[in-house]
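Structure assessment
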Amino acid sequence: MQQNPLSTPIEYLNGVGPQRGDMLRKELRMFTYGDLLHLFPNRYIDKTKYFKINEVSPNTSDVQIVGRLVGLQDVKQKRGSRLVGTFVDDTGQIDLVWFRATTWLKKNLKINQVYVIFGKVTKFGITLNMAHPEMELLEEHKRNLRTAMQAVYPSTEKLSKANFTSRTMSRIVQALFYQLGSGRFRETLSQEIIDKHKLISKNDALFNIHFPVSQDFLSKAQFRLKFEELFYIQVELISKKLIRKNRLKSYVFENVGEHFNDFYNNHLPFTLTGAQKRVLKEIRKDTLQGEHMNRLIQGDVGSGKTIVAFMSMLIAIDNGYQATLMAPTSILATQHNEGISELVDKMDLRVELLTGATKTAKRRKIHEALLSGEIDILIGTHALIEDKVVYKNLGIAIIDEQHRFGVAQRAKLWKKNTLAPHVLVMTATPIPRTLAMSLYGDLDISVIDELPPGRKPIKTLHRYDSNRLRVFKFMKDEITKGRQIYVVYPLIEESEKMDYKDLMDGYESIDRYFPKPEYQISMVHGKMKPADKEYEMNRFVKGETQIMVATTVIEVGVNVPNASVMIIESSERFGLSQLHQLRGRVGRGGEQSYCILMTGVKLSSDSKTRLETMVRTNDGFEIADVDLKLRGPGDIMGTQQSGVLDMKIADIVKDSDILLLAREMALEILNDDPLLQKPENRPIWETYQNISKNKTMWGNIS
Ligand code: ADP
Ligand code: MG
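Because the structure is predicted, anything quoted here is derived from the model rather than measured.

1. Side note on the layout of surface pockets
Over the atoms rolls a probe the size of a water molecule, and in doing so it shows where empty space is left. Taken as a whole, the second largest pocket spans an internal volume of roughly 1500 Å³. Around the second largest pocket, the lining comprises 49 residues; the ones closest to its centre are Gly 302, Gly 304, Arg 455, Asn 559 and Arg 588. Elements with a minimum of two residues in the lining of the second largest pocket: helix H12 (305-318), helix H13 (330-343), helix H20 (576-583) and helix H22 (620-631). Take the lining of the second largest pocket: its biggest share by element is eight residues, from H13. Per-class residue counts for the lining of the second largest pocket are 18 nonpolar, 17 polar and 14 charged. Both of domain 2 (258-289 + 303-427) and domain 3 (459-617) provide at least three residues apiece to the lining of the second largest pocket.

This is the structure in structure tokens:
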């Protein structure tokens, strides 16, 4: 049977066997030789240095000593027993201490032999100690593959309890290299890439990542393997995009016609920002190609995404198509409807709103008018994607605040016409470019990175709970000036009851301080019926109430330009992007706006960084960067499921430079040879096939 040796089950390897094999499978998910080969070390230790016992000071890690084991003794105590070994060299003595696996050790350790020990030195009373040292007979030590840097492998509690040390792992990997023979690893990148980026070979990289011959080779090995990992992720994303573009045809919007020009020349209430113009051009270009547009518009809150969406709809309409806009809540849909109805006021276009609350008779009329083509723009919630909703000729679908919709819901929109209508998704949750590249590789991305002119930046302040009365006073002053105020409480599931109590207590104290009838207060939280929620929210939108006490349900998109103060209670409990989203609810009118972050006195260092970042900047992209650094990519909204970030060696934050190189390279190659069929790209094609095959294999298992 001629099989790839890398798929050999791990227990067949010298020094593994059934028991350790079982442990490796369970603890580290290592099933095959190949898995082991790709178990990359966490860090490296300099093992060329040997210490004398009189040279070491207590509390130093990674100490290596050559000496003789001269005695072993069980020491029994109330709290359990330990095994103590006496270890000497010509300068002194150190105690070796074990609390576990003592029976095995007593059987296997050899008194009066020379060992090399390795571990952390501590001091107990006046004696030096090393607990659970790694030990090797000197002869064995000399025989083993010795490299300047000793790899430290990932481990688990169970592995270390079983005395399965990093050294053990290293020996097993060594056995693997012996068994496979060196020079056996096929090159997985093309010569062009290797030359261009001066990469070392796959063979050298794999050897040096486990057994670095020097710091220089280690760095080269790391670079090569990270590059490769990131490169193949990009190859996958870009290939998928090319395939989709080739297969998925869509409508051509040939003309910029009557409505667009009329609006642009006569009704546009302001001049577009440079960023808005650029994004519109990108959309225009997409819709001229006959390929399907699948574009994400990232723009901070208030950057003016709506007008860009609206003008894209006009292009569709001018070419004889209908347009639709889907929002995650009926409040948002209603606001969009009002805003867009106002924009089309002097134009001959029909806009309708369809939400769960639309009455049956009205609904029926909308269905008819949509099918006959009388409706040009349909705005709504997910009511829009129900099967009953049939368009005459839908040309473009716009989705606001995309992370609230699932992939399945989006896919339903694609089926609303013979060819898939163009899709534009808008999000106010900026994510850093490198992350976006990996997550949304199959989407084109536009960025509105410029706020409309004349906006007064929101002033953000951090205040302690003990200053609450002064904050209340400030609120009163703002209300006297005619402003409205949000007060937001956290609502996190684990402590729902407690949060609810906080919200109620907060409401009561505000109610006491801001008595009726002078002041009117709205309250909205997740436990309310949708209709009640909507009612309360609308009172605030209409200006009937001055204060909105709420949980984070108000986070998404609501637009009340007269609201100029956002107070966030227990703000240390919010994530950065959420804080930024909440802050974006104010600063929408002409008045100076404020965001006040309330906290207790005890703050973790991460909380402090979050608060300082909020106070320092209003820039959503800068905030997203800090957020990514604080939380790591795995926790950023929605990325957990993507699998794209499940990397063995590269780190999307730390290795963003390599990511950019890898992406550029992948683009260059795929643009020239989309199916990787040129002979020089053969190694890439083969590796890519292999990776895809393995992915589906694991996919089937888990
Ligand atoms: P978001 O990107 O958060 O959805 P909106 O589209 O709601 O932002 O726009 C926020 C506000 O800015 C709206 O009141 C809109 O009319 C206004 N606006 C948008 N573009 C401009 C511009 N170029 N100049 C001035 N005001 C603008
Ligand atoms: Mg918006």
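Still more to cover.
2. Focus on the packing of aromatic side chains
Scanning the model with the defined rule gives 17 aromatic pairs in all. On the basis of an interplanar angle of 10 degrees and a centroid distance of 6.2 Å, the ring pair of Phe 227 and Phe 231 is categorised as stacked. Highlighted residues: Phe 227 and Phe 231, both in helix H9 (residues 215-247), separated by four residues, approximately one helical turn. Just as Phe 227 is buried, Phe 231 falls in that class too. Plain terms: the ring middles of Phe 514 and Tyr 519 are 5.2 Å apart, the flat faces sit at 90 degrees to each other, and that makes the pair edge-to-face.

3. A look at the sheet that holds strand S18 (residues 521-524)
Strand order in the open sheet formed by six strands is S16-S21-S20-S17-S19-S18, with parallel pairing between adjacent strands. The open sheet has two free edges, formed respectively by strand S16 (459-464) and S18, since each of these has just one partner strand. Pairs of neighbouring strands in the sheet enclose a mean axial angle of 20 degrees, with direction left out of account. Looking at chain direction, strand S17 (residues 484-488) and strand S20 (residues 563-568) are connected through five bridges and run parallel. Opposite Gln 484, over in S20, you have Ala 563 as the bridge partner. Relative to S18, helix H19 (residues 530-541) is tilted by about 145 degrees, and along the sheet it contacts S17, S18, strand S19 (547-550) and S20. Helix H21 (residues 605-616) contacts S16 and strand S21 (594-599) of the sheet and is inclined by roughly 145 degrees relative to S16.

4. Overview of the domain arrangement of the chain
The domain boundaries assigned to the chain delineate domain 1 (58-139), domain 2 (258-289 + 303-427) and domain 3 (459-617). The centre of domain 1, based on its C-alpha atoms, is set 60 Å off from the matching centre of domain 3.

5. Quick notes on the environment of Glu 11
As for its position among the elements, Glu 11 is in the segment before helix H1 (17-28). You can call Glu 11 partly exposed: its relative accessible area is 26%. It is 30 Å that separates the C-alpha atoms of Glu 11 and Asp 46, two residues lying 35 residues apart in sequence. Other than its neighbours up to four places away in sequence, Glu 11 contacts Val 16, Gly 17, Pro 18, Gly 21 and Arg 25.

6. Looking at the pairing of strand S14 (residues 422-427)
For S14, a buried count of six out of six residues is recorded, marking the element as mostly surrounded by other parts of the structure. Across five bridges, the pairing between strand S9 (residues 294-299) and S14 is parallel. For Arg 295, the partnering residue across the bridge sits in S14 and is Leu 424. For strand S13 (residues 394-400) and S14, the ladder comprises five bridges, and the chain directions are parallel. Looking across to S14, one finds that Ile 396 is bridged to His 422.

Reading the values: the criteria
- Residues numbered from 1 in each chain as written.
- Chains lettered and ligands numbered in written order.
- Predicted model: local features only at pLDDT ≥ 70, side-chain atom pairs only at ≥ 80, totals over all residues.
- Heavy atoms only, no water.
- 1 Å grid on protein atoms, 1.4 Å probe; cavity = no way out; pocket = protein on both sides within 12 Å on 5 of 7 lines; lining within 4 Å.
- Points joined across faces, edges and corners; volume = space filled by probe spheres on them.
- Helix = DSSP H or I, 4+ residues; strand = E, 2+ residues; numbered from the N terminus.
- Nonpolar A, V, L, I, M, F, W, Y, C, P; charged D, E, K, R; others polar.
- Domains from an automatic or database assignment.
- Phe/Tyr/Trp six-rings, centres within 6.5 Å; stacked < 30°, edge-to-face > 60°.
- Buried < 20%, exposed > 50% of the residue type's maximum accessible area, 1.4 Å probe, protein only.
- Pairing = 2+ DSSP bridges.
- Axes fitted to C-alpha atoms, helices over the stretch in contact; angles between N-to-C directions.
- Contact = heavy atoms within 4.5 Å.

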